[in-house]
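Remarks on the overall topology
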Amino acid sequence: MHVLIVEDTPEVVEIIEVALKLRWSECEVTSVGRGGLVPGVIASTRPDLIILDLGLPDVDGMDLLEQIRRMSEVPVIILTSRGHEAARVRGLEAGADDYMVKPFSPIEMLARVQAVLRRASRSGGGAAGIITRDSLVVDVAQRSVTVDGRFVLLSRLEWEVFSYLAINAGKVVKHNDLKQRGWGSTTVENTVVKMCIRRIRGKLGETGGDPGVILTHRGLGYSFIG
Ligand code: CA
């Protein structure tokens, strides 16, 4: 497990780091004190979890959170001394997974980390979120699909559908579940789903991937080969 701590106060970094390593001896920790460095560090270290202080010297933590969300689905726990309700709600709306108000106890922090990671692994994100078939790599946390290291550029909708199939590899995903996932509604026609699957297969083929990685189950749905 790799945790990225974004915090400019060394004492707070130390408390978090010590607690994490006591609880998970194999836990790797990277810390940065300036928000401007965060996108680069995410790209190079691919953390499983980010603990983000909102009060940073160089950027607004909330803006940084929005920036992180545009590039990754990595779980984020916000850390702040701004304990009021408005900031908490804004943070959660901006895509944070949980929220801690300073000062916090290491025990509370560990419980929140554990809960967030458990949720993330259930939804396919986090450490377990990389699915591979031959040269195809679906990285759920980074929202990326590559074939032999070449990016397959999927639309948001195609990504929602394809990643959901990949997370459920080997299982038949019903039409309605895909509709709910991609379109947020089951009233969408089956042909719309079919067109979306066709586009994904086309894009996989164009990059040298195997379009047959998605199987059609007539009258039922689709599956990602298990
Ligand atoms: Ca701070």
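Residues numbered from 1 in each chain as written. Predicted model: local features only at pLDDT ≥ 70, side-chain atom pairs only at ≥ 80, totals over all residues. Heavy atoms only, no water.

1. Considerations on the sheet that holds strand 7 (residues 136–139)
- Ordered by their spatial adjacency, four strands build an open sheet running 6-7-8-9, and the pairing between neighbours is antiparallel. The two strands at the open ends of the sheet, each matched to only one other strand, are strand 6 (130–133) and strand 9 (150–151).
- In this sheet, strand 7 lies alongside strand 6 in antiparallel orientation, the contact comprising four bridges. Looking at strand 7, one finds that Ile130 is bridged to Asp139.
- Packing of helix 6 (residues 156–167) onto the sheet brings it into contact with strand 6, strand 7 and strand 8 (144–147), and relative to strand 7 it is tilted by some 105 degrees. (Pairing = 2+ DSSP bridges. Helix = DSSP H or I, 4+ residues; strand = E, 2+ residues; numbered from the N terminus. Contact = heavy atoms within 4.5 Å. Axes fitted to C-alpha atoms, helices over the stretch in contact; angles between N-to-C directions.)

2. Thoughts on the sheet that holds strand 4 (residues 76–80)
- Pairing within the open sheet is parallel, and its five strands lie in the order 2-1-3-4-5. Each having just a single partner strand, strand 2 (28–32) and strand 5 (98–101) make up the two edges of the open sheet. The mean angle between the axes of side-by-side strands here comes to 20 degrees, regardless of whether they run parallel or antiparallel.
- Where strand 1 (residues 2–6) and strand 2 come together, five bridges link them in parallel fashion. Within strand 2, the position partnered with Ile5 by the bridge is Ser31.
- The strands touched by helix 2 (residues 38–45) within the sheet are strand 1, strand 2 and strand 3 (49–53), with strand 1 carrying the most contacts at an inclination of about 175 degrees.
- Packed on one face of the sheet, helix 3 (residues 61–71) meets strand 1, strand 3 and strand 4 and runs near 160 degrees to strand 3.

3. Quick word on the environment of Leu220
- The topology assignment puts Leu220 in the loop between strand 11 (214–217) and strand 12 (221–224).
- C-alpha of Leu220 to C-alpha of Val89: the two residues are 131 residues apart in sequence and 40 Å apart in space.
- Among all residues touching Leu220, those that are not within four sequence positions of it are Val172, Val173, Lys174 and His175.

4. Some words on the domain arrangement of the protein chain
- Each domain of the protein chain was delimited in the assignment, giving domain 1 (2–120) and domain 2 (130–224).
- Computed over C-alpha atoms only, the centres of domain 1 and domain 2 are separated by 30 Å.
- Taken together, the contact pairs six residues of domain 1 with five residues of domain 2.
- When the two sides are added together, the surface that domain 1 and domain 2 hide from each other amounts to roughly 480 Å², 37% of it contributed by carbon and sulfur.
- Across the domain 1-domain 2 interface, the total number found is two salt bridges.
- In this structure, the salt-bridge partner of Asp139 is Arg46, at a minimum N-O distance of 2.1 Å.
- For the pair domain 1 and domain 2, the number of links is two residue pairs in polar contact (both at pLDDT 80 or more). (Domains from an automatic or database assignment. Buried area = accessible area lost by both parts, 1.4 Å probe. Salt bridge = Lys/Arg side-chain N within 4 Å of Asp/Glu carboxyl O. Polar contact = N/O pair within 3.5 Å; in protein donor to acceptor, adjacent residues only side chain to side chain.)

5. Things to note about the coordination of the calcium ion
- Within the first shell, the calcium ion binds the protein through Asp8 (OD), Asp53 (OD) and Gly55 (O), at distances of 2.2 to 2.4 Å.
- Judged by its relative accessible area of 36%, Gly55 falls in the partly exposed class. (Donors = N, O, S within 2.8 Å, 3.2 Å for Na, K, Ca; no water. Buried < 20%, exposed > 50% of the residue type's maximum accessible area, 1.4 Å probe, protein only.)

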